[in-house]
Amino acid sequence: MARSIRTIRTTQSLADNALVREEDLPVIREVAERYAVSITPAMHQIITGPDDPIARQFVPTGAELVIAPEERADPIGDDPFTPVKGITHRYPDRLLLKPMHLCPVYCRFCFRREVVGPGEGMLSAPEMEAALDYIRSRPEVWEVILTGGDPLLISPARLAPIMRALDAIDHVKVIRFHTRVPVVDPRRITDDLITALDTETPVWVVVHTNHSQELGDDARTALRLLSRNGIPLLSQTVLLKGVNDTPQALEDLFRTLVANRVKPYYLHHGDLAQGTSHFRTTITHGQDLMQNLRGRLSGTCQPTYVLDIPGGHGKVPIGPTYIHDTDTVNGSGAAHRVTDPWGTHHTYPPTPGPDAG
Ligand SMILES: *Cc1c(COP(=O)(O)O)cnc(C)c1O
């Protein structure tokens, strides 16, 4: 298969690169008119066939035109929490700042697929100033989370003044980035970018990555560069059918992340974005996967499995439960039944032993 050295953005270049079949082009065109397409060379290079975990994430398919009744245009209810353009403020102590509506790649399961993509670009200078004014006026905002779109697509020259403005706000103690750039377009992690991120206020980076195959040599180098410059690294992963919904795929991903200085943070249950039902597993399957990982994987490799409750009600952990109340009352009062990592149940506190006084 010929390898494009340029980012693939059109249906014709998908066909030219044998990523979609000619006979599927009409339906792929329909999908691409609704939802943006972009596949970076770094991701294109590692695609081996239509069903591999990388192709499934980025190559559009007709399945995206199927909208399930429970799916929504605003799946996690951001709209009501938008006080000014570019800000989502749901939790008192932290908010999202979305300066950029473009991404290096467009994920076929994106929960913001209705609002990202070509045409929007960056917030205008006055819009950016209004967003910063909002943050300045809210002393309860302890953390600003730059997301998008992908905020690390912003050039270092344009990012630097945003960082300086945030750095100058006393009550903002942490600046967090949510990004795919270090993995899907790692050559953008340059010394100039590192310089732009070098603020007095600590910067944290949360990398979105869903499969160990995404973490090639260039991505590993980019992560190392960020880490060496004092930026703590976390990851977020979306649980995706046919991409990473097996114990082995998740184990490989989380081990690879920790071995590259990244702490797995969240495993997201798939949001109810329109045309994404072919990617969603059940919550029960997600819990089984998490339980399976508990016994066999270092604690440093364990993310929290979370659901963003539709309607803007926030994120909550939905992993398996290891402790249940029981009716049994022993000497110490109420007892619990605890499940160990291998599935055996135990009573807590334990029944008093022979040397109990
Ligand atoms: C996910 C999200 C956050 C960040 O939540 P954490 O649990 O701190 O990672 C903040 N604001 C909004 C609106 C979010 O959706």
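All figures in this text were calculated on a predicted structure; none of them were measured in a lab.

A short note on the environment of D191
Mapped onto the elements of the fold, D191 is located in helix 8 (residues 191–196). Exposure remark for D191: the relative accessible area of 55% places this residue in the exposed category. Distance in space between the C-alpha atoms of D191 and C107 is 27 Å, their sequence separation being 84 residues.

Re the nonpolar core
Residues I135, L166 and F177 are the most contacted members of the largest nonpolar core, which totals 85 residues. Split by domain, the residues of this core number at least three in each of domain 1 (11–65) and domain 2 (79–317). Apart from residues lying up to four places away in sequence, L166 is in contact with L97, L132, I135, V144, L146, V172 and I175.

Observations concerning the domain arrangement of the chain
The domain architecture assigned to the chain consists of domain 1 (11–65), domain 2 (79–317) and domain 3 (321–357). On a C-alpha basis, the centroid separation for the pair domain 1 and domain 2 is 23 Å. Of the residues lining the interface, 21 residues belong to domain 1; the matching set on domain 2 comes to 27 residues. In terms of surface lost to domain 2, no three residues of domain 1 exceed Y35, R56 and Q57, which account for 32% of the buried area on that side. At the boundary of domain 1 and domain 2, one finds three salt bridges. Here R108 makes a salt bridge to E64, at a shortest N to O gap of 3.0 Å. In this assembly, domain 1 and domain 2 are joined by 13 residue pairs in polar contact (both at pLDDT 80 or more). Those elements that place two or more of their residues in the side of domain 1 that touches domain 2 are helix 2 (25–34), helix 3 (41–44) and helix 4 (53–58). With five residues, the top contributor of residues to the side of domain 1 that touches domain 2 is helix 4. When its residues are assigned to classes, the side of domain 1 that touches domain 2 shows 14 nonpolar, four polar and three charged.

Points about the site of the ligand
Inspection of the region around the ligand gives I76, T88, R90, Y91, R94, L96, I145, R176, Y265, Y266, D308 and K315 as its neighbouring residues. For the ligand, an oxygen atom lies 2.9 Å from a polar atom in the side chain of R176. K315 has a polar side-chain atom sitting 3.0 Å from an oxygen atom of the ligand. For the ligand, the protein covers 93% of the area, taking 390 Å² as the surface of the free molecule.

Thresholds applied
- Residues numbered from 1 in each chain as written.
- Predicted model: local features only at pLDDT ≥ 70, side-chain atom pairs only at ≥ 80, totals over all residues.
- Heavy atoms only, no water.
- Helix = DSSP H or I, 4+ residues; strand = E, 2+ residues; numbered from the N terminus.
- Buried < 20%, exposed > 50% of the residue type's maximum accessible area, 1.4 Å probe, protein only.
- Core = buried A, V, L, I, M, F, W, Y, C linked by side-chain atoms within 4.5 Å.
- Domains from an automatic or database assignment.
- Contact = heavy atoms within 4.5 Å.
- Buried area = accessible area lost by both parts, 1.4 Å probe.
- Salt bridge = Lys/Arg side-chain N within 4 Å of Asp/Glu carboxyl O.
- Polar contact = N/O pair within 3.5 Å; in protein donor to acceptor, adjacent residues only side chain to side chain.
- Nonpolar A, V, L, I, M, F, W, Y, C, P; charged D, E, K, R; others polar.
- Near = heavy atom within 4 Å.
- Areas by Shrake-Rupley, 256 points an atom, 1.4 Å probe, with all protein chains shown as cover.

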